[in-house]
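Residue strings, one per chain:
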Amino acid sequence: MSFSKAKDLLRLAQMAAARRMGVSLEDIRAEFRVSHRTAQRMTEALETVFSTVAHTDIEDRKRRWRLEAPLPDALQPRQETAIEALEIAIRGAYEQARLRHARALEDLRDRLLTRLAPRDARRSEADAEAVLASLGKVMRPGPTVSLRPEITDAIIEALRGPFRARIIYGAAEAPPRIVEPHGLLLGHRSYLVARQPARGAAILNFRMDRIHKMDVLDESFVFTDGFTLKDYAAQAFGVYQNPQQYGEVVWRFAPEAATRAGAFCFHPTQVLEPQEDGSLIVRFSAAGWLEMAWHLYQWGDKVEVLAPAGLCALVEGYQRPDFDALP
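Quick notes on the rules
- Residues numbered from 1 in each chain as written.
- Predicted model: local features only at pLDDT ≥ 70, side-chain atom pairs only at ≥ 80, totals over all residues.
- Heavy atoms only, no water.
- Helix = DSSP H or I, 4+ residues; strand = E, 2+ residues; numbered from the N terminus.
- Buried < 20%, exposed > 50% of the residue type's maximum accessible area, 1.4 Å probe, protein only.
- Contact = heavy atoms within 4.5 Å.
- Areas by Shrake-Rupley, 256 points an atom, 1.4 Å probe, with all protein chains shown as cover.
- Expected span 1.5 Å × (residues − 1).
- Core = buried A, V, L, I, M, F, W, Y, C linked by side-chain atoms within 4.5 Å.
- Axes fitted to C-alpha atoms, helices over the stretch in contact; angles between N-to-C directions.
- Parallel < 35°, antiparallel > 145°, perpendicular 65-115°, else oblique.
- Nonpolar A, V, L, I, M, F, W, Y, C, P; charged D, E, K, R; others polar.
- Polar contact = N/O pair within 3.5 Å; in protein donor to acceptor, adjacent residues only side chain to side chain.
- Phe/Tyr/Trp six-rings, centres within 6.5 Å; stacked < 30°, edge-to-face > 60°.
- Patch = residues over 30% accessible without salt bridge, like charges linked within 9 Å, V, L, I, M, F, W, Y side chains within 5 Å.
- Salt bridge = Lys/Arg side-chain N within 4 Å of Asp/Glu carboxyl O.

So, the overall build of the chain
Next, step 1: Within the chain, the regular secondary structure consists of eleven helices and twelve strands.
Next, step 2: Relative to its full complement of 327 residues, the chain shows a buried share of 35%.
Next, step 3: The contacts in the chain between residues at least 6 apart in sequence include a share of 58% that link residues at least 24 apart.
Next, step 4: Accessible surface for the chain amounts to roughly 19,300 Å². Of this, 52% is attributable to carbon and sulfur atoms.

Quick look at the structure:
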């Protein structure tokens, strides 16, 4: 067996031991980017090498393999990359004021380090620090609004219930509001996504920097039926939601900008349509014309808004021809 195959087999054993339902052929194909037949051969090798492998056929008629005993420490793969990933996640959690998550990640990192020999632990920490120093300038590519840890922690606590919360929003002396948190959108400006029962069943956005105080109540509620934060976020280009603006958006990038634009994911629903003249048309459905205008300004006169009319009017006259570079 080659070294790479041995590494893959150990990784597969880890997955089979860690996942409560085990791993399926589809999981293996996705993780290792292999064919169906190769995934089958990997499960055969797993059963040959490890004596505690069991398989079950569950409701979807898909067989799953599980390692019923954890891997001994001597067979655990090296942890340098995991420690680097945890360090990056810790920094991100602190930057987003998610102190509870940051401390939990630190505990996990420390437990990994204690399993290493002192020499390996020192080397792993030094390697992780070097990677972090290299990534520091690209991890947060623009200004953001600072978040208050006590507000972020309160939102996370409310989402776990889920529990209603009482917030002071807007002005410090504003009357309290009762809200039902459904999610948290993090970005250059972050929002609490919630219902406010007093205002009906609509899902609303509350700017995090305008929440002065938040208390989690001992009152549970039921999430809006069918709501997912992923689908909700996809209704907007950025974070601002405006149902009146939602609709098809069509941009045409000039031939000299088409290649660069084609490398962008402007929106999860986008469709790219290369044109015979070398230009590129991008289509997607979303709201948030102002945030679109902020982004489109960076492309100067190399982009034309074909729809909607409201966005056309918003950017008209602001397409500069003298930018030295494209985004």
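After presenting the structure, the write-up continues.
Observations concerning helix α7 (residues 149-160)
Next, step 1: Taking 1.5 Å per residue as the helical rise, α7 with its twelve residues ought to reach 16 Å, and the 17 Å between its terminal C-alpha atoms agrees with that figure.
Next, step 2: The set of residues buried in α7 consists of I151, T152, D153, A154, I155, I156 and A158.
Next, step 3: In this structure, the buried side of α7 is in contact with α5 (99-114), β4 (163-169), β5 (177-185), β6 (191-195) and β8 (211-220).

Some points on the nonpolar core
Next, step 1: Counting residues in hydrophobic clusters, the biggest one holds 20 residues, and the most contacted among them are W251, F253, F266, F284, M292 and L311.
Next, step 2: The dominant element in this core, judged by the number of residues it contributes, is strand β11 (residues 280-286), at four residues.
Next, step 3: Apart from the residues lying within four places of it in its own chain, the contact partners of F253 are A261, F266, S279, L280, V282, W299, K302 and V303.

Describing the packing of helix α2 (residues 25-32) against helix α3 (residues 36-49)
Next, step 1: Look at α2 against α3: their axes get within 9 Å of each other, and the N-to-C directions meet at 110°. Here α3 runs roughly perpendicular to α2, going by the angle between their axes. Packed against α2, whose contacting residues are L25, I28, R29 and F32, the element α3 presents H36, A39, Q40, M42 and T43 at the interface.
Next, step 2: Each residue belonging to the contact of α2 with α3 can be placed in one class, and the counts come to five nonpolar, three polar and one charged.

Brief notes about the environment of N205
Next, step 1: The residue N205 is located in strand β7 (residues 203-207) in this model.
Next, step 2: Ignoring anything within four residues of it in the chain, the contact list for N205 reads Y169, L185, Y191, L192, V193, Y232, V239 and Q241.
Next, step 3: One polar contact links N205 to Y232, side chain to side chain, over a distance of 2.6 Å.
Next, step 4: A polar side-chain atom of N205 sits 3.0 Å from the main-chain carbonyl oxygen of V239.

Considerations on the side chain of T152
Next, step 1: Of note, T152 is situated in helix α7.
Next, step 2: We classify T152 as buried; its relative accessible area is 0%.
Next, step 3: Setting aside chain neighbours within four positions, we find T152 in contact with Q96, A97, R98, L147, L184 and M208.

Some details on the packing of α5 against α7
Next, step 1: Between α5 and α7, whose axes approach to 8 Å, the crossing angle comes to 80°. In terms of their interaxial angle, α5 and α7 are classed as roughly perpendicular. Contacts between α5 and α7 involve L99, R100 and H101 on the former and, on the latter, P149, D153, I156, E157 and R160.
Next, step 2: A class-by-class count of the residues in the contact of α5 with α7 yields three nonpolar, one polar and four charged.

What about the packing of aromatic side chains?
Next, step 1: This structure, assessed with the given rule, holds 14 aromatic pairs.
Next, step 2: Arranged with centres 5.2 Å apart and planes meeting at 90°, the rings of Y169 and F206 form a pair that is edge-to-face. Placement of the pair is Y169 in strand β4 and F206 in strand β7, with a sequence separation of 37 residues. By the burial criterion, Y169 is buried, and F206 matches it.

Focus on a nonpolar patch on the surface
Next, step 1: A contiguous nonpolar surface patch, about 300 Å² in accessible area, is contributed by L290, W294 and L314.
Next, step 2: Secondary-structure assignment places L290 in helix α10 (residues 289-297).
Next, step 3: Residue L290 is classed as partly exposed on the basis of its relative accessible area of 46%.

With respect to the pattern of salt bridges
A side chain of one charge can pair with a side chain of the opposite charge if their charged atoms are brought near each other.
Next, step 1: Enumeration over the complete set of coordinates arrives at 20 salt bridges.
Next, step 2: In this structure, the salt-bridge partner of R148 is E150, at a minimum N-O distance of 2.8 Å.
Next, step 3: E150 sits in the partly exposed class, given a relative accessible area of 44%.
Next, step 4: R283 is paired through a salt bridge with E248; the nearest N and O atoms lie 3.4 Å apart. Of this pair, R283 sits in strand β11 while E248 sits in strand β9 (residues 247-253); the two residues are 35 residues apart in sequence, bridging distant segments of the chain.
Next, step 5: Three or more residues joined by partner-sharing salt bridges are found here, namely R164, E180, R195 and E219.

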